[in-house]
Every structure is written in C-alpha cells, then in structure tokens.
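Structural overview for review
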Amino acid sequence: MEFGITRLHFYFILFLKIIILIPDILILSQAAAENYRSDVPWACISITDKIQKDADIDEHNRVDILRLEFFDLDPSNNITKWLDELNSTEDDLFTDWRAELVLEFVKSNINRIEELVIHCHAGVCRSAGIGAALLKIYTGDDSIVFESNRFQPNMLVYRLLLNKAIDLGMYNPHETP
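Residues numbered from 1 in each chain as written. Predicted model: local features only at pLDDT ≥ 70, side-chain atom pairs only at ≥ 80, totals over all residues. Heavy atoms only, no water.

1. A look at the pairing of strand E2 (residues 42-48)
The buried fraction of E2 is high, at 7 of 7 residues. Side-chain alternation along E2 places Trp42, Cys44, Ser46 and Thr48 on one buried face and Ala43, Ile45 and Ile47 on a second face that is also buried. As paired elements, E2 and strand E3 (residues 62-69) share 7 bridges and run parallel to each other. The residue bridging Ile45 from the neighbouring strand is Leu66, located in E3. Summarising the sheet, E2 and strand E4 (residues 115-120) pair through 5 bridges and their orientation is parallel. Pairing of Ser46 across the sheet is with His119, part of E4. (Buried < 20%, exposed > 50% of the residue type's maximum accessible area, 1.4 Å probe, protein only. Helix = DSSP H or I, 4+ residues; strand = E, 2+ residues; numbered from the N terminus. Pairing = 2+ DSSP bridges.)

2. Description of the sheet that holds E4
Spatially, the 4 strands line up as an open sheet ordered E1-E4-E2-E3, and their pairing is parallel. Edge positions in the sheet fall to strand E1 (24-29) and E3, since each of these pairs with one other strand and no more. On average, each strand axis in the sheet is tilted by 15° relative to the strand beside it, whichever way the strands run. In this fold helix H4 (residues 96-109) packs onto E2, E3 and E4, with an angle of close to 175° to the strand it touches most, E3. Most of the contacts of helix H5 (residues 126-139) go to E4, to which it runs at about 145°, and overall it touches E1, E2, E3 and E4. (Axes fitted to C-alpha atoms, helices over the stretch in contact; angles between N-to-C directions. Contact = heavy atoms within 4.5 Å.)

3. Focus: the environment of Leu103
For Leu103, the location among the structural elements is in helix H4. Separated by 67 residues in the primary sequence, Leu103 and Met170 place their C-alpha atoms 8.8 Å from one another. Discounting chain neighbours no more than four positions away, the residues touching Leu103 are Leu134, Ile137, Leu161, Lys164, Ala165, Leu168 and Met170.

Next comes the structure, spelled out in structure tokens:
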C-alpha cells in the first residue's frame, strides 16, 4: 500500500510538471532590462535600492512587474559599517516579507508568461540570487547560475527565498520537482 501512495505521488508530481511550464528566466543588469523588449508574454522583477532610481521597463507584452528595493548586502558579513554609511537599517536588506512577495508574484504569473526578467543594478548578485532560488524551487537545479563566472548570487536572497518556499510548502529540498 505504501508503494502505491509513493507511486501515485510520483505521478502527481510528474503530472504537475507537464501542466506548469516554467518560463525562461533572464538575469539582467538594469541597463539591459531597460532595453529589453519581448514578443511573448513576460513579467519582470525589478530590483533597485533607495539610492538608485526605478528602472524604466518596457510595457510591450509585459504582464506584470514587481518592484523591490533593497541593498546588495548580506548580514552574515560585518555590514554595520555599510548600513551606517548608507543611513540604513537591516530592513533595507532582503527580508522574509520580500521573499514572500517574490514567491507570490511568480506563483500568480507562472501560467501567464513565457519569460521572467529579473534585474538589479549590475545583474550579478541580487537578481542572480533570486534567479538561482527560483530555478532550485521549480526545477531542482540552480547549477547554471552557480557554475557561471558571470554571477555571484547574493546568498541572503537565495537562502531566504528557499526557506520561505519551504515554509509555504512550495519547495521540499528532499524531493525532485
């Protein structure tokens, strides 16, 4: 009997993978995102901080946009000096509630888009952290981001997104999506 339940669970997961098509994830710099135009339905996660101005993102075929504002810092490092210099607090970093916003945004748009653009200033750390976490959650494989010389994912962003996805029942690190 247990074998049947496990097998049914496996087919259910397989069935879900067929229904839910994962959009292409593009990790870009702000400049590249401002020049991006798509002929297919797409959404954007636009990341700035309180010093940068909002990105001017094209609306052609864009289904939705999530604008986030947080610094590219990780509190596991000694960042008190940086926060003081920026006249900021830890709330200006990536937080649990921002992680939930990202996950809900992707969940609400995943069946409506073919591309998900994620950008930060340089397209290297914050956007790569979100991109890697989303790949891990939805495909089980984030190696394309971590093995690339182009990206240095912000590990605070990555860890908080994975932990929030676990809390919300969207991801189980012990199962293959």
